[in-house]
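Breakdown of the fold
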Amino acid sequence: MKTFFKKHYMKLIIGVLAVALFTFALIGIPFEKQSYAYLDTDVFTKEGFIDANDLSDKNKVVGENENFILYIDETTSYIRVVDKATGYTWYSNPTANDTRPLTTNAAKWRQSSTLEITFYNPRGSIGTMNNFRMSINHPESVLNAAGIRSYYIKYGVDSVQILYHLVDLEISHLYFPKMISKEQMESYDPVDQKELQDYAYTGFDADWDAYVIANYSSNMTNNVKRRLYKILYGNDQHPGYGYTLERAQEENAAYGVEEVVEKAEFEIAIEVKLLPEGISTKIIRDSIKETLGRINEITLYPLFGTAHMLKDGEASEGYLVVPDGSGAVIEFNNGKVQQNVYRKRVYGQDLAQMPYAMAEQQQKISIPLYGMVKDEGAFAAIITEGDAMATISADISNRVDSYNKIYTTFTIREVEAVTLGSGFNKYGINLLTEEIANTDFEVSYFFLSGANKSYVDIANVYRNYLINNLGLDSVDETTKAILTVELLGAYDKRDFFLGIPYQTLDSLTTFDQAKLIIEELMNRNVTNMNISYLGAANGGLTNQLFDRNDIPNVLGGRDGFVALNEYLKSNGIELYQNANFASSKGFRGAFDEFMYNAKRIRGAQAMYFGYHYPSRLAYDEFDASKELSQNLLNPLYYQAVYDAFNKQGVTDGLLLSLIGSSLVGSYERDLTLYKQDALRIQQDFLAGVSQDLMLSNPLGFAMPYASFISDLPTATTLYALIDYQIPLLQLILSGLVDYSPVSINLTSDRSPQYQFLKVLETGSNLKYTLSYDSSLELLNTDHNQYMSTHYVNWLDTIQSEMATLNSLKIAEGRLVGHRKVKNNVYEVTYSNGLILLINYNVFDETYNLYEIPAMSFFVVQEAQ
């Protein structure tokens, strides 16, 4: 054996190396999956609940504190909260009558409900159900009088739980046999025979020798059902003929009728708890029971705190606050009744479920906050549990009813639509995730009154929530405006060698050139800045897997990057290297995509699509040769990829792509990760990152981890229902963490002048994307979204705008006030006394004798 190894040891070594290389080619670098345990939810038990039919107190006190009293009407389950300081009462359901003439019964039933669900039956059809006629107040049925309640109540300390049993108590046509034989019919009392044949069994089938119900369907009237039930089943007036549901089904089966009674019914418990600042309302996840249906969505208190369109015979005044983009206001009764209801998912699209056809470009909801302001008071609502599964809806009066309203819907299961077949044989099916998301679903209402009831005060509620509940520590210690310089580094392009195409890297800004740009800015007295470097590693602007920190030689290599970092440190400038641990152009090994990629509900690999704008299709669908889409990593591998990258880290700061600003679920059967699970994984990840973080337009849960925030939106989505935009995000964050808008020189829909006015209105810093070489070099690449970045074109503008910000002392105060004073004219107030009037009109405006130039601003009061 020893002789064999001596003769063949070189061949054995080569063989082992070959096997190792082959294995690496298949699976690349093996990453360890992070362990994950689902969130613990509230324990639920049915013990202690009392049948609502045995309760009668319409003014039951649930709890009381220094500020509020919480009541419940046991006969309806409706709640109300009395503000002890003002006497104003907040109701879970409208108390003013719906005066709109054409309001449908369905809309009126919704006004009387506290829950509304969307569900799929076993055949895949979608249905809706609210708990008014299915639980709170059942209509009269064959077996029950009107007003029967199918809910139960249990009291706790300053809290109440209501368990709703949503069920249709009406019997169906299947309680009766479709056919009764002639022999059996003739055995009945002649009076019963006549009634049966007159009202139901009007037909006769000679083949079966039986009387037949001609209209045997769900359209059978209640009058016919009552007559049939009295005769066949019996009641106080009639002994009946011994029928049961089972007997009716057996007789139907004998005649070839295979239909069976299939009624979806559900149990859902909610808890309402009194808080020092208001109340919390929660759907208890473990209380949900489903029969013959799977719930997709649950709407909680769809008309809580609603405002009627009239008050004392006049149009009511007030508005709804939605967190779309920077924030927006929808005024009561704005007359836009032809527009769609506002409805948008919190935290945006789950990237694992990106559509194959490009959706409309719009701003996302970054924070789980909304509110209502009216004459008598205001509330700020924070979605405190299940926020990643929530959708915020808002609607005005006179569109479907008389009420202005804003509310939350929770998606407890995700759905993906799948088209099967081709040509004329296409049909669609909906795929649902199996289990309900592992979270309770909670909305907390914070009530405001007196002078402190505007959208500024609603913003302050969430500001305090970030500080007190999510641990946001103030990191804004600057007294001078900050310039964020986003530098474009390496990019990939197609080149040719002897007519053969190949991909290579080129540079827009080398590390030495970056120093020259910084020196130019400092020579112009722009010294307070930070740098974010895009395309500094791993394939440049085309994002490859960040399991290493491979610095391209075209930029200056690793030594050049280290030197740039040291140079910037010596000048008090922090460098944030762009890093992406959530998506990648590809993986190392052939099998890595199957191991590490997130999954769609349909089982396909989840992709971060690049879209072909003319066709609006994902490039994978339109032109497979142009690969602009990226793989999305399963969130459980973020930590492993970061750990590998961090071993070769250079900078003390990271600019994260996707993480903190988007959520990626993964829908594998053995471990389904909903958006809520992805949120928790990202929270744990962000808490463990050792570098300072620059986050791009972060989601609310990620804000506490940011040293600096970039790309904070200054506009909202221009839905027709919205009346005007507000800096809700900036009112929350100003003075806590420094932030900048998107790069002024990259926006194509608004002029740089307009964008700078937005900086003044929102208390922002400046951001510019620059390159040493002209970005025209990108025209024939996959990166032509960058434009006008040649730094020499922007030096004068940057110098002027930074000088203006510092002369106004914007950074010395925080944004504390904002209001619309005229159309497209806003007044903003800072804590240091600075008051500005900003005019976005293309003509001069006058306000309180102040002349405000077109597309400019006026200083009402200088900073102290």
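Residues numbered from 1 in each chain as written. Predicted model: local features only at pLDDT ≥ 70, side-chain atom pairs only at ≥ 80, totals over all residues. Heavy atoms only, no water.

1. As for the packing of helix α5 (residues 190-199) against helix α6 (residues 222-232)
Put simply, α5 and α6 touch, their axes get as near as 10 Å, and they point 155° apart. When the axes of α5 and α6 are compared, the pair comes out roughly antiparallel. For the crossing formed where α5 meets α6, the hand is left-handed. Of α6, the residues touching α5 (which contributes Asp192, Glu195, Leu196 and Tyr199) are Val224, Arg227, Leu228, Lys230 and Ile231. Of the residues that constitute the contact of α5 with α6, the class distribution is five nonpolar, no polar and four charged. (Axes fitted to C-alpha atoms, helices over the stretch in contact; angles between N-to-C directions. Helix = DSSP H or I, 4+ residues; strand = E, 2+ residues; numbered from the N terminus. Parallel < 35°, antiparallel > 145°, perpendicular 65-115°, else oblique. Left-handed = near helix turned anticlockwise from the far one by under 90°. Contact = heavy atoms within 4.5 Å. Nonpolar A, V, L, I, M, F, W, Y, C, P; charged D, E, K, R; others polar.)

2. Some words on the sheet that holds strand β12 (residues 210-212)
A sheet is described by the order of its strands in space; here three strands give the open sequence β10-β12-β11, paired in antiparallel fashion. On the outer flanks of this sheet lie β10 (179-181) and β11 (203-205), each paired with one strand and no other. Neighbour-to-neighbour, the strand axes of the sheet open up by a mean angle of 30°, direction not taken into account. Pairing between β10 and β12: three bridges, direction antiparallel. If you follow serine 181 over to β12, its bridge partner there is alanine 210. (Pairing = 2+ DSSP bridges.)

3. Looking at the packing of aromatic side chains
For the coordinates displayed, the defined rule picks out 47 aromatic pairs. Residues phenylalanine 304 and phenylalanine 379 carry aromatic rings whose centres are separated by 6.1 Å and whose planes lie at 70° to one another, so their mutual orientation is edge-to-face. Pair noted here: phenylalanine 304 is in the loop between β16 (294-300) and β17 (307-308) and phenylalanine 379 is in strand β24 (residues 377-385), with a separation of 75 residues, a long-range link. For the pair formed by phenylalanine 304 and phenylalanine 379, the shared burial category is buried. Grouping aromatic residues by their ring pairs yields a cluster made of Phe68, Tyr88, Trp90, Tyr301, Phe304, Phe379, Tyr445 and Phe447. Lysine 60 extends its terminal NZ or CZ atom over the ring of tyrosine 155, reaching a point 5.1 Å from the ring centre. Positioned over the ring face of tyrosine 199 is arginine 227, at 3.8 Å from the centre of the ring. (Phe/Tyr/Trp six-rings, centres within 6.5 Å; stacked < 30°, edge-to-face > 60°. Buried < 20%, exposed > 50% of the residue type's maximum accessible area, 1.4 Å probe, protein only. Lys NZ or Arg CZ within 6 Å of the ring centre and 35° of its normal.)

4. Quick notes on the side chain of aspartate 73
If you trace the backbone, aspartate 73 turns up in strand β3 (residues 68-73). It is lysine 58 that comes nearest to the buried, bridge-free aspartate 73 among opposite-charge side chains, at 5.6 Å. (Lys, Arg positive; Asp, Glu negative; His and termini not counted. Salt bridge = Lys/Arg side-chain N within 4 Å of Asp/Glu carboxyl O.)

5. Section: the pairing of strand β7 (residues 126-130)
In terms of strand pairing, strand β6 (residues 115-120) meets β7 through five bridges, oriented antiparallel. Residue pairing for β7: phenylalanine 119 is matched across the bridge by glycine 127. Between β6 and β7, which pair antiparallel and follow one another directly, the connecting turn spans five residues, one of which, glycine 124, has a positive phi of 90°.

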